[in-house]
Amino acid sequence: MDILIKNGTIVTSEEVFKGNLLIKDKIIEKISKEELEVSKDVHVIDAKNKLILPGGIDAHTHLDMPFMGAFSTDDFYSGTVAAAFGGTTSIIDYIIPKIDQSLNEAYSIWKQKAESKSVIDYGFHMAIVPSVESAINQLAELKTLGISSIKCFLAYKNSLMLNDEELEKLFEAATQNNLLVCIHAENGEEIHNLVNKYINENKTAPIYHALSRPPELECEAVQKVLNTASLKGSDVYFVHLSTKSAIEEIQKYKNSEINAYAETCPQYLMYSQEKYEEENFGGAKYVMSPPLRESFNKDYLLQASLGNQIDVIATDHCPFNFKKEKQKGINDFSKIPNGVPGIETRLPLMFSKLVKENRMPLTQFVRLNFTNPAKIFKIKNKGDIKIGYDADICIWDADFKWTITKEKLHENVDYTIYEGEEITGKPIIVISKGEIIIENNSFKGNAGNGQYLFRS
Ligand code: URP
Ligand code: ZN
Ligand code: ZN
C-alpha cells in the first residue's frame, strides 16, 4: 500500500521542517515542503501537529537468550512486537554461542529463533566466547553471514569472559576482518573475587550485586581496551556504559586515530544505586551488569548525551520475570539472572527525558536513537528520513502525557523498572517498510515479516 503522510513535522538527523512524505513500494519516494498530489488509491495519514520520525534502531538486545540458567523471556515475536509499540523498527540482537560451538552453527540457531517470528527487521552481532583461537579462524565467515560486529565480554568469569591475551588476539583478527569490536567493559576477575568475598561474609542481598562491581572496574576495563584497540589500530564500541569516569576515558580518544564509540542505556540515565535497596527483594528487578551507580554518574551521562560524548542509546533489553527467574537469587545475589527489560520504553522515555525535560534538539535525539546505530553498524538505508531510504516511520504525538505501567506494555515479563514514570510523548502510528504495524494502540503486523539485516 502506498502512503502519503501529510502536514507533519518531519525530523531528520539534520533538520526539522513542516512537510509531506510519500511512501511507495516500501521506500520513501518523496519528501516535500509543498503539498503532494497523489492518486485516490494512496492511503493518506494526516499528521497535523505530529512529528514524523524515522523508525527506531535498538542496537543492543537479548531475545530468547540462554543466560545464567534461564532464558530471557521475550522471544523474537513478543520482543519485536513490544519494540514496535515503542517505535522501534529494527534491532540488532547478540548471538551468544555455546562454549566451543561454531559461529556458523550459533548463527543458524539465532536465525531460526528470529526468522519466523520477528515482526520488524533484525540483524545480529556475534559474541566471541572461548575458545577464542578457534573463533578467530572463523571470523572471515562472518562476512558471508552479514555480520559486521562482534562482542567480547570482559566480565562473567568462567562463562563468557575473555582474558587479556585473548582480547589482544581478537582485536588483531577483528581488524584484519574489518569487524567492529563491541566490548562489555568490566574487570571480571576482580568482580569474581568481590562476589566470593561478599557471599562468604553472608552478604547476599541485591545491593551486593552493585557493591561487588564498583565503578573503578568499569573504568579500568575501558582504559585497558582503549590501549589495546589503539595499539592494534582498531575501532571499538563500548556497550552499556554506566560511569562518568568511563566516558571521560573514551573522550580522550575522540580525536585519535581510532574511533571509540560510547553506548549507554535508559536505565543508567534514569536511576541510581538506591534501587537495589527496594524492599521484599525488589532490588533484584534492577540487577544487571554493569549495575546502577551513584547518582552523579547518571547526571553526568545525561550531560554527556546532551553534548556529543555518547554516540548511541540502546536498551540491552534482557528480561527475566521477577516472580520467577529473578527469584533464583533470593539467597544469593550472584544467582540473580542479570538483565532488565526496556525494548518498548526506550524511545518514549528518552523523548520525555531528553527532549521534553532537557531540551535536547530533535535532530540530536534522532542521531542518538536512530541514525548513529545505523551508521556505526552499517545498516543500509535506515535510521533517517531520506529519499530512497526504507519507509520505517514513527508518527509521534509529542504532547501525549501518560504513565508507564506494566499493564500498558507488551514485553513478556512481569514487571517494568519504569513503573509509574510520568512521561510525555508516544508513537501513535508505526510503519515498517511501508506497512502500518501499529495504529490505534493495536498491533497490525505479522510474525515473520521482519527481514534479516545483512550488514557488510
Ligand atoms: O545484565 C546484563 N547486561 N545482561 C545482558 C548481558 C550483557 O551483559 O549485556
Ligand atoms: Zn554486557
Ligand atoms: Zn547486553
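Scoring rules and cut-offs
- Residues numbered from 1 in each chain as written.
- Chains lettered and ligands numbered in written order.
- Predicted model: local features only at pLDDT ≥ 70, side-chain atom pairs only at ≥ 80, totals over all residues.
- Heavy atoms only, no water.
- Pairing = 2+ DSSP bridges.
- Helix = DSSP H or I, 4+ residues; strand = E, 2+ residues; numbered from the N terminus.
- Contact = heavy atoms within 4.5 Å.
- Axes fitted to C-alpha atoms, helices over the stretch in contact; angles between N-to-C directions.
- Near = heavy atom within 4 Å.
- Polar contact = N/O pair within 3.5 Å; in protein donor to acceptor, adjacent residues only side chain to side chain.
- Areas by Shrake-Rupley, 256 points an atom, 1.4 Å probe, with all protein chains shown as cover.
- Nonpolar A, V, L, I, M, F, W, Y, C, P; charged D, E, K, R; others polar.
- Core = buried A, V, L, I, M, F, W, Y, C linked by side-chain atoms within 4.5 Å.
- Buried < 20%, exposed > 50% of the residue type's maximum accessible area, 1.4 Å probe, protein only.
- Donors = N, O, S within 2.8 Å, 3.2 Å for Na, K, Ca; no water.
- Tetrahedral: all angles 85-135°; square planar, octahedral: opposite > 155°, others 65-115°.
- Phe/Tyr/Trp six-rings, centres within 6.5 Å; stacked < 30°, edge-to-face > 60°.
- Expected span 1.5 Å × (residues − 1).
- Arc of directions from axis to C-beta.
- Parallel < 35°, antiparallel > 145°, perpendicular 65-115°, else oblique.
- Left-handed = near helix turned anticlockwise from the far one by under 90°.
- Disulfide = S-S within 2.5 Å.

Quick look at the sheet that holds strand 6 (residues 56-61) now. What holds strands together in a sheet is hydrogen bonding between their backbones, with the strands either parallel or antiparallel. Pairing in this open sheet of 8 strands is parallel, and the strands run 6-9-10-11-12-13-14-15 from one edge to the other. Strand pairing shows two members of the sheet lacking a second neighbour, strand 6 and strand 15 (312-313), which therefore form its edges. Where strand 13 (residues 236-238) meets strand 14 (residues 260-264), 3 bridges bridge the pair, whose relative direction is parallel. Residue pairing for strand 14: V236 is matched across the bridge by A260. Across the sheet, helix 12 (residues 362-376) touches strand 6, strand 12 (180-184), strand 13, strand 14 and strand 15, and the angle it forms with strand 6 is around 65 degrees.

The local shell around ligand 1 holds 14 residues, among which Y156, H184, S289, D316 and N338 are the closest. Contacts to ligand 1 include H184, whose side-chain N or O atom sits 3.1 Å from an oxygen atom. One nitrogen or oxygen atom from the main chain of S289 is found 2.8 Å from an oxygen atom belonging to ligand 1. Computed on the free molecule, ligand 1 has an accessible area of 260 Å², of which 99% lies beneath the protein chains in the complex. In the shell around ligand 1, the residues fall into 5 nonpolar, 7 polar and 2 charged.

Residues F124, I150, I183, V236, Y237 and F238 are the most contacted members of the largest nonpolar core, which totals 144 residues. Residue contributions to this core peak at 7 residues, all from helix 12. The contact partners of I183, leaving out residues within four places of it in the chain, are C152, L154, L167, F171, V225, V236, Y237, F238 and V239.

So, on to the side chain of H209. Structurally, the position occupied by H209 is in helix 6 (residues 207-211). By relative accessible area, which is 2% here, H209 ends up buried. Here the side chain of H209 touches M288 through a polar contact of 2.6 Å, landing on its backbone oxygen. Residues in contact with H209, not counting those within four places in the same chain, are Y276, V287, M288, S289, P291, F333 and N338.

For the zinc ion (ligand 3), every protein donor is listed as H60 (NE2), H62 (NE2) and D316 (OD), and the spread of their distances is 2.0 to 2.1 Å. In this structure, the zinc ion (ligand 3) is coordinated by 4 donor atoms arranged in irregular fashion, with angles at the metal of 88 to 139 degrees. Sequence positions of the residues that donate to the zinc ion (ligand 3) give the spacing H-x1-H-x253-D. For the pair the zinc ion (ligand 3) and the zinc ion (ligand 2), the metal-to-metal distance amounts to 3.8 Å.

Further remarks concern the packing of aromatic side chains. The geometry of two aromatic rings is summed up by the distance between their centres and the angle between their planes. For the coordinates displayed, the defined rule picks out 20 aromatic pairs. Ring centres of Y208 and F333 lie 6.5 Å apart, and the angle between their planes is 40 degrees; on these two criteria the pair is classed as tilted. Within this pair, whereas Y208 is found in helix 6, its partner F333 is found in the loop between strand 15 and helix 11 (346-357), the two being separated by 125 residues in sequence. Taking the relative accessible area as the measure of exposure, F333 reaches 1% and is therefore buried. Considering the side-chain rings of F365 and F370, the 5.7 Å spacing of their centres and the 65 degrees angle between planes classify their relative orientation as edge-to-face. Relative accessible area serves as the criterion here: at 0%, F370 is assigned to the buried category.

The end-to-end C-alpha separation of helix 5 (residues 188-200) is 18 Å, in line with the 18 Å expected for 13 residues at 1.5 Å each. If you check which residues of helix 5 are buried, you get G188, I191, L194, V195 and Y198. Along the long axis of helix 5, the arc covered by the buried residues comes to 120 degrees, so they all point the same way. Contact partners of the buried residues in helix 5: helix 6 and helix 7 (215-232). Two to three positions downstream of the cap, the backbone nitrogen of E189 sits 3.2 Å from a side-chain oxygen, assigning the N-cap of helix 5 to N187. Of the residues trailing helix 5, N202 is marked for its positive phi of about 65 degrees.

Two elements in contact, helix 4 (residues 164-176) and helix 7, have axes whose closest approach is 10 Å; the angle formed by their N-to-C orientations is 40 degrees. Taken together, the axis directions place helix 4 and helix 7 in an arrangement best described as oblique. Between helix 4 and helix 7 the crossing geometry is right-handed. Here D164, L167, E168, F171, E172 and T175 of helix 4 lie close against helix 7, whose contacting residues are K224, V225, T228, A229 and K232. Taken together, the residues that form the contact of helix 4 with helix 7 break down as 4 nonpolar, 2 polar and 5 charged.

Counting buried residues along helix 1 (residues 78-85), 8 of its 8 residues qualify, which places the element largely inside the surrounding structure. Within the span of helix 1, buried status applies to S78, G79, T80, V81, A82, A83, A84 and F85. Of the surrounding secondary structure, the elements contacted by the buried residues of helix 1 are strand 9 (88-95), strand 17 (422-432), strand 18 (435-439) and strand 19 (442-443).

Scanning the model with the defined rule gives 0 disulfides in all. Free cysteine C182: the closest other cysteine sulfur is in C152, separated by 8.5 Å. Of all cysteine sulfurs, the one in C318 lies closest to C265, which takes part in no disulfide; the gap is 11 Å. Judged by its relative accessible area of 0%, C265 is buried.

Bound to the zinc ion (ligand 2) are the protein donor atoms H184 (ND1) and H240 (NE2), situated 2.1 to 2.2 Å from the metal. Note that the zinc ion (ligand 2) binds 4 donor atoms; their angles at the metal cover 56 to 147 degrees, and the shape is irregular.

Moving on, we come to the packing of helix 2 (residues 103-115) against helix 3 (residues 132-145). Packing of helix 2 against helix 3 brings their axes to within 9 Å, and their N-to-C directions diverge by 40 degrees. The angle between helix 2 and helix 3 falls in the class oblique. In this structure, helix 2 uses L103, N104 and Y107 to contact helix 3, whose residues at the interface are A135, Q138, L139, E141, L142 and L145. Partitioning the contact of helix 2 with helix 3 into residue classes produces 6 nonpolar, 2 polar and 1 charged.

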